[in-house]
Amino acid sequence: MAKTILITGASSGLGAGMAREFASKGYNLAICARRLERLEELKKQLEQQYQIKVAVKTLDVTDYDQVFEVFKAFKQELGQIDRIIVNAGVGDGRRIGKGNFAINKATAETNFISALAQCEAAVEIFREQNSGHLVVISSMSAMRGLPKHLSTYAASKAAVAHLAEGIRAELINTPIKVSTIFPGYIRTELNEGAKHLPFEVDEKTGSRLLVKAIEKQPVKAYVPQWPWLPMGLAMKVLPLRLVNKLG
Ligand SMILES: NC(=O)c1ccc[n+]([C@@H]2O[C@H](COP(=O)([O-])OP(=O)(O)OC[C@H]3O[C@@H](n4cnc5c(N)ncnc54)[C@H](OP(=O)(O)O)[C@@H]3O)[C@@H](O)[C@H]2O)c1
């Protein structure tokens with residue numbers, strides 16, 4: 001039987017791109033986000049193009065109860081969920097101490113507390129199945145504390161990476177696998193306003209490389225591996241004034 005992958009934040013960018021890539025490999029999909037019409041359009045395209053089933057549901061990941069309900073409903077509909085990709089996220093952020101707590105709080109909530117809810121709901125399903133692959137989308141920005149508009153975003157992405165590592169530690173001797181993915185700059189709606197993004201790749205390339213990395217069920221992956229694997233090592237030791245040039 002074809003395997004099934006649940007992806008949150010699949011209405012645009014990397015979530016939609018990964019859905020396309022996994023569909024081309026014959027996976028059934030469970031896709032969710034707030035913008036239902038985009039999900040329906042994606043479902044239509046993918047089911048026409050490939051012999052797969054695509055289940056669609058609206059989900060605002062900041063509605064924590066809804067996260068559990070939607071994941072359970074997908075499991076009920078599809079029978080088994082083999083992989084869950086915690087991908088939904090926002091790139092908003094403002095400089096600290098400039099009166100923008102509301103925006104930074106919303107970023108921290110969507111990128112971390114909502115990711116926690118998704119990990120809880122996912123691991124509950126995987127414990128019941130005694131199998132599954134949890135994939136958490138962090139960011140290269142998790143490597144260091146970053147200044148200006150990136151401070152809260154980077155902190156939220158470091159938090160999800162630690163969360164994933166903790167879950168991995170607990171489940172290390174079980175059939176449940178946990179991968180943390182650290183993407184570099186990939187051009188999507190999340191960063192569409194930015195003029196220049198260091199070492200950026202386009203959405204299709206980024207999504208293809210993400211899927212290639214995820215399929216190997218790695219503990220961690222830096223995507224694209226070049227230059228982000230060595231950059232990740234360097235970022236940990238570089239003086240902050242040099243790290244800042246990435247922001
Ligand atoms: N692009 C990059 O350079 C890059 C680099 C590192 C990490 N990442 C991470 O990759 C992930 C995907 O980002 P992207 O670049 O593909 O950005 P994107 O095109 O803006 O996509 C973000 C997705 O998250 C969903 N989302 C946002 N808030 C949500 C909420 N409250 N409830 C449910 N879904 C929500 C959006 O769907 P709706 O608006 O329809 O709900 C959308 O599908 C994020 O976690 C991001 O931090 C991206």
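Residues numbered from 1 in each chain as written. Predicted model: local features only at pLDDT ≥ 70, side-chain atom pairs only at ≥ 80, totals over all residues. Heavy atoms only, no water.

Attention shifts here to helix 3 (residues 64-78). In a regular helix each residue adds 1.5 Å, so 15 residues correspond to 21 Å; helix 3 covers 22 Å between its end C-alpha atoms and thus fits that length. Turning to helix 3, its buried residues number three or more, namely Gln66, Val67, Val70, Phe71, Phe74, Lys75 and Leu78. Each element contacted by the buried residues of helix 3 is listed here: strand 1 (4-8), strand 2 (28-33), strand 3 (54-58), strand 4 (83-86) and helix 4 (101-129). A positive backbone phi angle near 85 degrees is found at Gly79, which sits one or two residues after helix 3. (Helix = DSSP H or I, 4+ residues; strand = E, 2+ residues; numbered from the N terminus. Expected span 1.5 Å × (residues − 1). Buried < 20%, exposed > 50% of the residue type's maximum accessible area, 1.4 Å probe, protein only. Contact = heavy atoms within 4.5 Å.)

With that settled, the discussion passes to the packing of aromatic side chains. Enumeration over the complete set of coordinates arrives at 4 aromatic pairs. Seen from their ring centres, Phe22 and Tyr27 are 5.4 Å apart, and the 85 degrees between their planes marks the pair as edge-to-face. Of the two residues examined, Phe22 and Tyr27, each falls in the buried class. A centroid spacing of 5.6 Å and a plane angle of 90 degrees characterise the contact between Phe199 and Trp228, whose relative ring orientation is edge-to-face. On the criterion of sequence distance, the pair formed by Phe199 in the loop between strand 6 (176-183) and helix 6 (203-215) and Trp228 in helix 7 (residues 225-237) is long-range, its members being 29 residues apart. Residue classification places Phe199 among the partly exposed positions, given a relative accessible area of 46%. (Phe/Tyr/Trp six-rings, centres within 6.5 Å; stacked < 30°, edge-to-face > 60°.)

To continue, consider the pairing of strand 5 (residues 132-137). Of all 6 residues in strand 5, 6 are buried, a share of seventy percent or more. On strand 5, burial covers both faces: Gly132, Leu134 and Val136 on one face and His133, Val135 and Ile137 on the other are all buried. Two strands pair when backbone bridges link them, and strand 4 and strand 5 are joined in this way by 4 bridges, in the parallel orientation. The residue bridging Arg83 from the neighbouring strand is His133, located in strand 5. (Pairing = 2+ DSSP bridges.)

Take helix 2 (residues 36-49) next. Helix length check: helix 2 (14 residues) gives 20 Å between terminal C-alpha atoms against 20 Å at 1.5 Å per residue, within 8%. Among the residues making up helix 2, those that are buried are Leu39, Leu42 and Leu46. For helix 2, the angular spread of buried residues about the axis comes to 65 degrees, placing them on one side. What points out from helix 2, more than 90 degrees from its buried face, is the exposed set Glu37 and Gln48. In the core, the buried residues of helix 2 are packed alongside helix 1 (13-24), strand 2 and strand 3. (Arc of directions from axis to C-beta.)

Its location among the elements puts Ser114 in helix 4. Judged by relative accessible area, which is 0%, Ser114 ranks as buried. Put simply, Ser114 and Val160 are 46 residues apart on the chain and 10.0 Å apart in space, counted from C-alpha to C-alpha. The contact partners of Ser114, leaving out residues within four places of it in the chain, are Val61, Thr62, Tyr64 and Glu109.

A few words now on the packing of helix 4 against helix 5 (residues 151-170). Where helix 4 meets helix 5, the closest approach of the two axes is 8 Å, and the angle between their N-to-C directions is 15 degrees. By the angle between their axes, helix 4 is roughly parallel relative to helix 5. Considering how the two elements wind past one another, helix 4 and helix 5 form a crossing that is right-handed. On helix 5, the residues touching Asn104, Thr107, Ala108, Asn111, Phe112, Ala115, Leu116, Cys119, Val123 and Arg127 of helix 4 are Thr152, Tyr153, Ser156, Lys157, Ala159, Val160, Leu163, Ile167 and Glu170. Partitioned by chemical class, the residues of the contact of helix 4 with helix 5 number 11 nonpolar, 5 polar and 3 charged. (Axes fitted to C-alpha atoms, helices over the stretch in contact; angles between N-to-C directions. Parallel < 35°, antiparallel > 145°, perpendicular 65-115°, else oblique. Left-handed = near helix turned anticlockwise from the far one by under 90°. Nonpolar A, V, L, I, M, F, W, Y, C, P; charged D, E, K, R; others polar.)

Glancing now at the side chain of Asn111. Tracing the chain through its elements places Asn111 in helix 4. Residue class for Asn111 comes out buried when judged on its relative accessible area of 2%. If we ignore the near neighbours within four places in the chain, the residues touching Asn111 are Gly89, Val90, Tyr153, Ser156, Lys157 and Val160.

What follows covers the nonpolar core. If you look at the biggest cluster of nonpolar residues, it comprises 32 residues, and the most contacted ones within it are Leu6, Phe71, Phe74, Leu134 and Ile167. A total of 8 residues in this core trace back to one element, the largest contributor, which is helix 4. Beyond its immediate sequence surroundings of up to four residues, Leu6 is in contact with Ala30, Cys32, Phe71, Phe74, Ile81, Arg83, Ile84 and Ile85. By size, the runner-up hydrophobic cluster in this structure holds 31 residues, among which are Ile5, Leu46, Val201 and Ala213. (Core = buried A, V, L, I, M, F, W, Y, C linked by side-chain atoms within 4.5 Å.)

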